Amino acid sequence: MKKALLAILAIIVLIGFVLFNKDISSKKAQPDMAGAVSKDVVTMSDDDPRFNVWGKNFPEHMDMYQTVETEAPFETEFGGNHSYSKLIRYPQLTILWAGYPFSIDANEERGHFWIQVDQMDTARNNKDFLNSHGFAAFNGQPAACMNCHSGWTKWLENNAALGDTPREKWVSFNSAKYWTMVKNIPALEGITENSPEHSGPHGGKRMGVACADCHVPNTMELRVTRTALINALTKWRGYEPDPVTGVKATRSEMRSLVCAQCHVEYYFRPTGEKVKTIGESIASDTDKKWWNGTQKTYDEFDSWRDGNKATEIEVAGIELVFPWKQWGKNKPFRIEMFDEYYDENVTRSIFPQDWAHKITKAPMLKIQHPETELYSSSVHAANGVSCADCHMPYVRKGSSKVTNHNVTSPLKDINAACKSCHTQSEEYLKAQIQDIQRSIAFDLRSVEYATVSLINDIKNMRDRLAALPEFQTDGKADDKKISAVLKEVLELHRKGQMRGDFVGAENSTGFHSPREASRMLLQALEMARMGQTKLAEIALQYGFSDFKTSNLGFEDIQKLNPGEIRYKVDLNDARQSTAKGHKAGDRYYEHDNINDGPNAKLLELDKNNKPYNHKVLD
Amino acid sequence: MWFLVVVVIIIVAAGYTFYNAKGMSYFSDDSAACNNCHVMNDVYASWRKSAHSREINGKPIASCNDCHLPNEFVDKWIAKAQSGVSHAYAFTFKLDDLPQNFTATKMSKNMVQANCVRCHSQMVSVVVNPTTKINHANEQLSCVKCHASVGHTRGF
């Protein structure tokens, strides 16, 4: 018995020795810089931007990049990569964005690998679905949307867009229809034309951000490839252009500028000129109609099929522009700069609004994801910390350190992201982040609820004014006359909501610059309440003695929950390769964990956050 | 007989492991020995840039051991053995759990503090005793709390 015990003990000790030796030997075998040196298996070039090809030289980087493809979705308190419906978590958005396609479909984003897949799936990019949901006026997404969603963007701009000069190609690329431009992604070596791989995310038409978007082929130096950023930096922000790296900048600046190619506010500026671009022959096929009977001008599918061919057409040109005219070099961004930019005559006369608010008729601005702008005013930025420092922290790969190419929330690895500089415990650091985000979330919810209250009151006022004879033309309410009386209030709606939208669209719940976030949210709250005050004055002027302002809270807002997206009518979804027939009532998304509700814990957090329940939250 | 075979196998395995792990180097005070492991690359590199690594008569002012182990003979070798075993255990069984940035344990902090005071006693004897427990009963002030970058560019 004793012998047997000794034998087992001896075996355990021996296994321990073997494992320990194995580790030592593997460490010794690792050459220096193992992770960051090209394996030189393939030649990398801009002619072939597929990350599957570049990744052969950098298998570890490719593995990191693709982690998000297979890992289970995770939620942080206000982010993560579980693609739940933001409209279910924050139902106020359906009112704030009323009349704009975001009000029917807005999901939490789930990482660079998926951005093209998600853009092809979203209902905002599904014309028939929008037609049948009251958005027939929306003309379909332009290729300008692809600027930030595809690793093929530069290739398409250079090789598929029409025109002789880079400028002409740039405008031609942006002005094509999204679904037309996607069809031009080539089937390079190893991929068969119109095969599942050709439609897929691994180098095909659904490939998201790729290595070439941020790296120079072969030297792997950081570079800026996106024309819109190069234009904004050289025209307005004092940078010099560079033929290789896009703009002249230090490596430390580049570690943020590569992110600034997309993580910014932008708009599609009409150029005021006609431009040649690619069209589709389906436009002259009178048998091809949208659900509502109007003529199709493009096939909502990712390939040329059924005899549909590329044509050359002339359309009104648009261009992707970052509104940074007022933002000087080495200065923090301030929200007032957007007011100044978008209200300048030269801008407002050609770009008066992103959309007209369905309920208030105010000319609205929709802010996208202005991480670059918000971050610039932070204490981290003042200390020279770059985006990559926190979102791509160094991780050990054998004997060398490499930046983590699974670009993600720093909350996923506080040790690697924060503790390079901060020496406190991970629990302490996490508590600090939580405290900042919860306080900004409180401010943001206050602004959103107040803005919805303002929208309610404007609607009420519009209805009352519409009943007065002086606001009628030919016996019908005259929206223009009503809007003229409400002009000041509608401007407060525009500017205030833009501020809340800025913080809501910005991916950090204020953490990127808490002081600036709370400064603009305080303004937004003032604007919403000031709008209500103005309404009370107008009520007084027109003798509505029983006019009341509203003040909605969490429970009122929850009643607006739209639920998961479903088809309203029977629809053949043309984007499916088999043109699947969907019945009214069918769930729109094919995957369960997209567009579902968030974890119940998050709703509980939101409930306690506004009004702030310190007994639970602290 | 059977027992002897096992003992011989274990001795041989232990011997080989000792050789493979550069076991002899751990009996020295050479800081390079700590850097046998890649996880030490960062702290070793930053120590090389710090004032403490400056060499006088071919010896650094303070090696890893001078700060991170007790100075008394018996305590030093007990601490060394303890660290050696726990490091070997961590690298063998918990390699994937190792964080990018390390945090000093309570024991390690105490040893560092004792060593700061040991070398700099002339200086600290005339300033307020940093180890006083009167005002800092739960978390006494330590030297590296303020002088965070004396040993490495980044404090721990």
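Since this is a predicted model, take the numbers as computed values, not measurements. (Residues numbered from 1 in each chain as written. Chains lettered and ligands numbered in written order. Predicted model: local features only at pLDDT ≥ 70, side-chain atom pairs only at ≥ 80, totals over all residues. Heavy atoms only, no water.)

Side note on the environment of Leu525(A)
Applicable threshold: A run of H or I in DSSP counts as a helix once it spans at least four residues, and a run of E counts as a strand once it spans at least two, with each numbered from the N terminus.
Note on placement: Leu525(A) falls in helix 23 (residues 514-542). Residues Leu525(A) and Gln497(A), 28 residues apart in the sequence, show an inter-C-alpha distance of 9.1 Å.

Details of helix 6 (residues 106-119) of chain B
Stated precisely, the cut-off is as follows: The span expected for a helix works out to 1.5 Å for each residue beyond the first. Working rule for contacts: check all heavy atoms of both residues, and any pair within 4.5 Å makes them a contact.
Look at helix 6 of chain B: 21 Å from first C-alpha to last across 14 residues, which is about the 20 Å you get at 1.5 Å a residue. Against helix 4 (64-68), helix 5 (73-93) and helix 8 (143-146) of chain B lie the buried residues of helix 6 of chain B.

Some remarks on the pairing of strand 7 (residues 394-397) of chain A
Residues and elements named next belong to chain A. What counts, and what does not: Any two strands with at least two DSSP-identified bridges between them are counted as paired.
As paired elements, strand 7 and strand 8 (residues 400-403) share 4 bridges and run antiparallel to each other. When the bridges of strand 8 are listed, Val395 appears paired with Val402. From the end of strand 7 to the start of strand 8, which pair antiparallel, there are 2 residues, and Gly398 there has a positive phi angle of about 60 degrees.

Points about the pattern of salt bridges
All names here are of chain A. What counts here: By salt bridge we mean one thing: a side-chain nitrogen of Lys or Arg within 4 Å of a carboxyl oxygen of Asp or Glu. In this scheme, a residue with accessible area under 20% of its type's maximum is buried, one over 50% is exposed, and one in between is partly exposed, where area comes from a 1.4 Å probe on protein chains only.
Scanning the entire structure with this criterion turns up 34 salt bridges over all chains. For Arg167, the salt bridge identified is with Glu319, shortest N-O distance 2.9 Å. Here Arg167 is found in helix 9 (residues 166-175), whereas its partner Glu319 is found in strand 4 (residues 310-321), with 152 residues between them in sequence. On the basis of relative accessibility, which here comes to 11%, the residue Glu319 falls in the buried class. Each member of the salt-bridge network shares a partner with another, and the members are Asp343, Arg348, Glu491, Arg494 and Lys495.

Quick notes on the packing of helix 1 (residues 2-29) of chain A against helix 5 of chain B
For any two helices packed against each other, one specifies the crossing angle of their axes together with the interaxial distance. Rule in force here: The axes used here are C-alpha line fits, helices contributing only the stretch in contact, and every angle between their N-to-C directions lies in the interval 0 to 180 degrees. Here the angle decides the label: under 35 degrees means roughly parallel, over 145 means roughly antiparallel, 65 to 115 means roughly perpendicular, and every other value means oblique. When residues are sorted by character, Ala, Val, Leu, Ile, Met, Phe, Trp, Tyr, Cys and Pro go into the nonpolar class, Asp, Glu, Lys and Arg into the charged class, and all the rest, Gly among them, into the polar class.
The interhelical angle for the contact between helix 1 of chain A and helix 5 of chain B, taken along N-to-C directions, is 80 degrees, at an axis separation of 9 Å. With respect to helix 5 of chain B, the axis of helix 1 of chain A lies roughly perpendicular. Packed against helix 1 of chain A, whose contacting residues are Gly16(A), Leu19(A), Phe20(A) and Asp23(A), the element helix 5 of chain B presents Ala88(B), Phe91(B), Thr92(B) and Phe93(B) at the interface. When grouped by side-chain class, the residues that make up the contact of helix 1 of chain A with helix 5 of chain B number 5 nonpolar, 2 polar and 1 charged.

So, the confidence of the model for chain B
Residue and element names in this part refer to chain B. Put simply, the test is: Across the chain, each position has a pLDDT score giving the predictor's confidence in that residue, from 0 to 100.
Of all residues in chain B, 88% attain a pLDDT of 70 or more, and the chain-wide mean is 83. Of all secondary-structure elements in chain B, the lowest mean pLDDT belongs to helix 7 (residues 121-124), at 79, while helix 4 reaches the highest, 94. Interface confidence for the predicted complex, given as ipTM, is 0.77, next to a pTM of 0.91.

A few points about the environment of Ile482(A)
Residues and elements named next belong to chain A. Secondary-structure assignment places Ile482 in helix 21 (residues 479-485). Since its relative accessible area comes to 1%, Ile482 is described here as buried. When the C-alpha atoms of Ile482 and Phe471 are compared, they prove to be 6.3 Å apart, with 11 residues separating the residues in sequence. Not counting residues within four places of it along the chain, the set of residues in contact with Ile482 comprises Arg462, Leu465, Ala466 and Phe471.

Some details on the interface of chain A and chain B
Rules: Once two parts are brought into contact, the accessible area they lose, counted with a 1.4 Å probe and summed over both, makes up the buried area. In the analysis that follows, any N or O atom pair within 3.5 Å is treated as a polar contact, provided that within protein one partner can donate a hydrogen and the other can accept it, and provided that, for residues neighboring in sequence, both atoms belong to side chains.
With 29 residues of chain A at the contact, the number on the chain B side is 30 residues. A buried area of about 2,500 Å², summed over both sides, lies between chain A and chain B, and 58% of it is on carbon and sulfur atoms. Inspection of the chain A/chain B interface yields 1 salt bridge. The salt bridge partner of Lys401(A) is Asp42(B), with a shortest N-O separation of 3.6 Å. On inspection of chain A and its partner chain B, the count reaches 9 residue pairs in polar contact (both at pLDDT 80 or more). Breaking the side of chain A that touches chain B down by element, the ones donating at least two residues are helix 1, strand 7 and helix 19 (414-418) of chain A. The biggest single contributor to the side of chain A that touches chain B is helix 1 of chain A, with 15 residues.

What to know about the side chain of Asp213(A)
Residues and elements named next belong to chain A. Within the fold, Asp213 resides in the loop between helix 11 (196-199) and helix 12 (227-236). When its relative accessible area of 4% is taken as the criterion, Asp213 is described as buried. Here the side chain of Asp213 touches Ala210 through a polar contact of 2.9 Å, landing on its backbone nitrogen.

Brief notes about the state of the cysteines
Residues and elements named next belong to chain A. Note the threshold: Cysteine sulfur atoms that pair up within 2.5 Å are treated as a disulfide.
Inspection of the entire model under this criterion finds 0 disulfides over all chains. A disulfide-free cysteine, Cys145 has its sulfur positioned 9.5 Å from the sulfur of Cys148, the nearest such atom. When its relative accessible area of 17% is taken as the criterion, Cys148 is described as buried.

Looking at the nonpolar core
Residues and elements named next belong to chain A. In plain terms, the rule: Take the buried Ala, Val, Leu, Ile, Met, Phe, Trp, Tyr and Cys residues and link them wherever side-chain atoms come within 4.5 Å; each set so joined is a nonpolar core.
Counting 45 residues, the largest nonpolar core has Val247, Leu257, Phe322, Trp324, Phe338, Phe502 and Val503 as its most contacted members. Setting aside anything within four residues of it in sequence, one finds Leu257 in contact with Val224, Leu229, Leu233, Tyr239, Val247 and Ala249. Listed in part, the 37 residues of the second largest apolar core include Leu96, Trp97, Phe102 and Tyr449.

Quick look at a nonpolar patch on the surface
The condition is simple: The patches reported here contain residues having more than 30% relative accessible area and no salt bridge. Joining distances are 9 Å for like charges and 5 Å for nonpolar side chains (Val, Leu, Ile, Met, Phe, Trp, Tyr). For the area figures, the Shrake-Rupley method with a 1.4 Å probe applies, and any residue is considered shielded solely by the protein chains shown.
Where nonpolar side chains cluster on the molecular surface, the patch consists of Leu6(A), Leu9(A), Val13(A), Trp2(B), Phe3(B), Val7(B) and Ile11(B) and spans about 650 Å² of accessible area. At 4 residues, the largest contribution of residues to the nonpolar patch is made by helix 1 (residues 2-20) of chain B. Relative to the assigned elements, Leu6(A) resides in helix 1.

With respect to unusual backbone geometry
Keep in mind that most residues, glycine aside, have a negative phi and that most peptide bonds are trans. Residues and elements named next belong to chain A. In the segment running from Lys610 into Pro611, the intervening peptide bond is cis, with an omega of 5 degrees. Among the secondary structure elements, Pro611 is positioned in the loop between helix 25 (600-609) and helix 26 (614-617). One non-glycine residue, Asp474, lies in the positive phi region at around 55 degrees. With respect to the helices and strands, Asp474 occurs in the loop between strand 9 (472-473) and strand 10 (476-477).

Section: the packing of helix 14 (residues 336-343) of chain A against helix 22 (residues 487-505) of chain A
Residues and elements named next belong to chain A. To keep things clear, this is the line we draw: Two helices crossing with the near one rotated counterclockwise from the far one by less than a right angle form a left-handed crossing, whereas a clockwise rotation gives a right-handed crossing.
Orientation of helix 14 relative to helix 22, taken along the N-to-C sense of each, is 130 degrees, at an axis distance of 11 Å. It follows that helix 14 is oblique to helix 22 by the angle criterion. Along this stretch, helix 14 crosses helix 22, giving a crossing that reads as right-handed. Note on element contacts: helix 22 touches helix 14 through Arg494, Lys495, Met498, Arg499 and Phe502, opposite Glu336, Phe338, Asp339, Tyr342 and Asp343. Among the residues forming the contact of helix 14 with helix 22, the class breakdown is 4 nonpolar, no polar and 6 charged.

Here's the deal with helix 5 of chain B
Over its 21 residues, helix 5 of chain B extends 30 Å from the first C-alpha to the last, a length consistent with the 30 Å expected when each residue adds 1.5 Å. Among all positions in helix 5 of chain B, only Lys76(B), Ala79(B), Lys80(B), Ala90(B), Phe91(B) and Thr92(B) are buried. In this structure, the buried residues of helix 5 of chain B make contact with helix 1 of chain A together with helix 4 and helix 6 of chain B.

Some points on the side chain of Ser550(A)
With respect to the element layout, Ser550(A) can be found in the loop between helix 23 and helix 24 (554-558). The buried category is assigned to Ser550(A), whose relative accessible area is 19%.

Overview of the packing of aromatic side chains
Residue and element names in this part refer to chain A. For clarity, the cut-off: Classification of ring pairs rests on two measures: the distance between centres of Phe, Tyr or Trp rings, Trp counted by its six-membered ring, which must be within 6.5 Å, and the angle between planes, read as stacked under 30 degrees, edge-to-face over 60 and tilted in between. We call a charge positioned above a ring when the Lys NZ or Arg CZ atom is no farther than 6 Å from the ring centre and deviates by at most 35 degrees from the ring normal.
Overall, the coordinates contain 35 aromatic pairs over all chains when judged by the stated rule. Both rings, one in Phe338 and one in Phe502, keep their centres 6.1 Å apart while their planes meet at 55 degrees; by these two values the pair is tilted. A residue pair is termed long-range when its members are at least 10 positions apart, and Phe338 in helix 14 and Phe502 in helix 22 qualify at 164 residues. Both residues of the pair, Phe338 and Phe502, belong to the buried class. Within the aromatic cluster, the residues linked to one another by ring pairs are Trp236, Tyr267, Phe322, Trp324, Trp327, Phe333, Phe338, Tyr341, Tyr342, Phe351 and Phe502. A cation over an aromatic ring shows up here: Lys183 above the ring of Trp304, its NZ or CZ 5.7 Å from the ring centre. Lying over the aromatic face of Trp327, Arg237 brings its terminal NZ or CZ to 3.6 Å of the ring centre.

Description of the environment of Lys27(A)
Mapped onto the fold, Lys27(A) is located in helix 1. Exposure remark for Lys27(A): the relative accessible area of 21% places this residue in the partly exposed category. Sequence separation of Lys27(A) and Gly398(A) is 371 residues, and the distance between their C-alpha atoms is 6.5 Å. Beyond its immediate stretch of four places on either side in the chain, Lys27(A) contacts His38(B) and Leu95(B).

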